[in-house]
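Each chain is listed here by its residues.
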Amino acid sequence: MVLHGAAAWAYPLSARQERYLNSLQRKFLLNISGTYSTTTTAALQIIEGLLPLHLKEEQEAVYVRVTRFGKANHLKDQNFDPKDFEGKVSTVKFLPDPFDLEDCVSFDHIFNTDGPINTYTDGSKIDDRTGCAFCVRKNNISITQWMSQLKPHNSVFQAELIAIKEACTQASQSNQPIKIWTDSESSLHSISSLKTNSPFAHDIQNILLNSRNIKLGCIKAHVRHAVRRQRISSRRKPPWKGSQHNIQHPGATSKRNFMPSSSTLTE
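Note on numbering: residues in each chain are counted from 1, in written sequence order. With the structure being a predicted model, the display of local features is reserved for residues of pLDDT at least 70 and the display and counting of side-chain atom pairs for 80 or more, all residues being used for whole-chain, interface and lining totals. Here the side-chain values reflect all heavy atoms present in the structure, with hydrogen atoms and water set aside.

Going by the annotation in an unreviewed UniProt entry, the name recorded for the chain is RNase H type-1 domain-containing protein, with Araneus ventricosus given as the source organism.

Draft legend 1. Just the overall build of the chain, in detail. Starting at the N terminus, helices and strands are each numbered in turn, a helix being any DSSP run of H or I of at least four residues and a strand any DSSP run of E of at least two. Across its full length, the chain holds nine helices and nine strands. Note on definitions: a residue-residue contact is assigned when non-hydrogen atoms from the two residues lie within 4.5 Å. Relative to all contacts within the chain whose residues are 6 or more apart in sequence, the contacts with residues 24 or more apart total 69%. Summed over its atoms, the accessible surface of the chain is roughly 15300 Å², and 51% of this surface lies on carbon and sulfur atoms. Here the Shrake-Rupley method, with its probe set to 1.4 Å, supplies the accessible areas, and only the displayed protein chains count as covering residues.

Draft legend 2. The arrangement of the side chain of E57 in detail. Structurally, the position occupied by E57 is in helix α4 (residues 53–67). For the buried E57, no salt bridge is present, and the opposite-charge side chain at shortest range is K56, 10.0 Å distant. Leave out the neighbours within four places in its chain, and E57 touches V2, L3, A6, W9, A10, L13 and L21. Only protein chains enter the accessibility calculation, which uses a 1.4 Å probe. A residue is then buried if its area is under 20% of the maximum for its type, exposed if over 50%, and partly exposed in between. The charge count treats Lys and Arg as positive and Asp and Glu as negative. His and the chain ends do not count. Counted as salt bridges are all cases of a side-chain nitrogen of Lys or Arg within 4 Å of a carboxyl oxygen of Asp or Glu.

Draft legend 3. The side chain of T119, seen in detail. Of note, T119 is situated in strand β4 (residues 117–126). Accessibility expressed as a relative area gives 2% for T119, which makes it buried. Look past the residues within four positions of T119 in its chain and what remains in contact with it is F134, C135, V136, A167, I178, K179, I180 and W181.

Draft legend 4. Representation of the nonpolar core. Counting residues in each nonpolar core, the largest one holds 29 residues, and the members touching the most others are C168, I180, I191, I204, L208, I214 and L216. For this core, the leading source of residues is helix α6 (residues 156–171), giving eight residues. Setting aside chain neighbours within four positions, we find I204 in contact with L161, I164, K165, C168, I191 and L216. We define the nonpolar core as a collection of buried residues of types Ala, Val, Leu, Ile, Met, Phe, Trp, Tyr and Cys that are connected through side-chain atoms lying within 4.5 Å of one another.

Draft legend 5. Focus on a nonpolar patch on the surface. Like charges within 9 Å and nonpolar side chains (Val, Leu, Ile, Met, Phe, Trp, Tyr) within 5 Å are joined into patches, using only residues over 30% in relative accessible area that form no salt bridge. Taken together, the side chains of F28, I32 and L50 make up a nonpolar region of the molecular surface, amounting to roughly 310 Å² of accessible area. Residue position: I32 is located in helix α2 (residues 15–33). Residue I32 is classed as exposed on the basis of its relative accessible area, which comes to 53%.

Draft legend 6. Here's a closer look at the pairing of strand β5 (residues 129–138). Within β5, eight of the 10 residues are buried, leaving the element largely enclosed by the surrounding structure. Each pair of strands is called paired provided DSSP finds at least two bridges between the two strands. The pairing of β4 with β5 spans 10 bridges and is antiparallel. Opposite T121, over in β5, you have F134 as the bridge partner. Here β4 hands over to β5 after two residues, with D127 in that stretch at a positive phi of 55°. Pairing of β5 with strand β6 (residues 141–149), which is carried by eight bridges, proceeds in the antiparallel orientation.

Draft legend 7. Representation of the pattern of salt bridges. Counted by the stated rule, this structure contains one salt bridge. In this structure, D203 engages K165 in a salt bridge whose closest nitrogen and oxygen atoms are separated by 3.1 Å. Taken together, the residues span a long stretch of sequence, with D203 in helix α8 (residues 199–210) and K165 in helix α6 at a distance of 38 residues. A residue is classified by how much of its surface remains accessible, and K165, at 23% relative accessible area, is partly exposed.

This is how it looks when you write it as structure tokens:
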């Protein structure tokens, strides 16, 4: 209730409003922690691991102004521009009658590599390092490897979709049947949905529409097979030359993207 209408009255906050919100939050922090009434509000916020209420209000205000109004805003020492965030694709795709996404995407977890060409994709994130890769094997022999380093703000979901998209792009250049395997069920669900909001999933759907030789399959992460899928670990040097992808922040619908920096919280 306190955050209601924050975009209208909490940007920017006055010093008086900030003091009022701190005093309001302090009452709840004392009841939750059960500490002495002489404990400072800042100490209570650290003990409970809660964001100061005035920062929460400003975060909500910036979130609404950027995602709803499409206006650039700043929060303390950080700038937020709508162009830096991955936009949502709201249009529903109408596909030809003979084309069925369910025929191209399988969730059976049946690891069947009968086809001569199999591609294994993966995306991962370690600390602030994000990357994705795919490996193409023909008759159990590795013929192509690709990897890309993403930005720290990119998510694992984005990395998984980018790897699948790049693998599909390469597979579309061939007329041979190709199976592309991933352990990301969320990515496959996004690709198989006609109402997906992900622009990467839409791009993959377009590739599948024009390349009927590509099939996507789901494989459990713990399944062991003849060739271990290439894992992205930026702690070690990549075994082959990769590329750089400059991808926008994950969808602006996530409020986690609108957090003040750690230096602001320690002030």
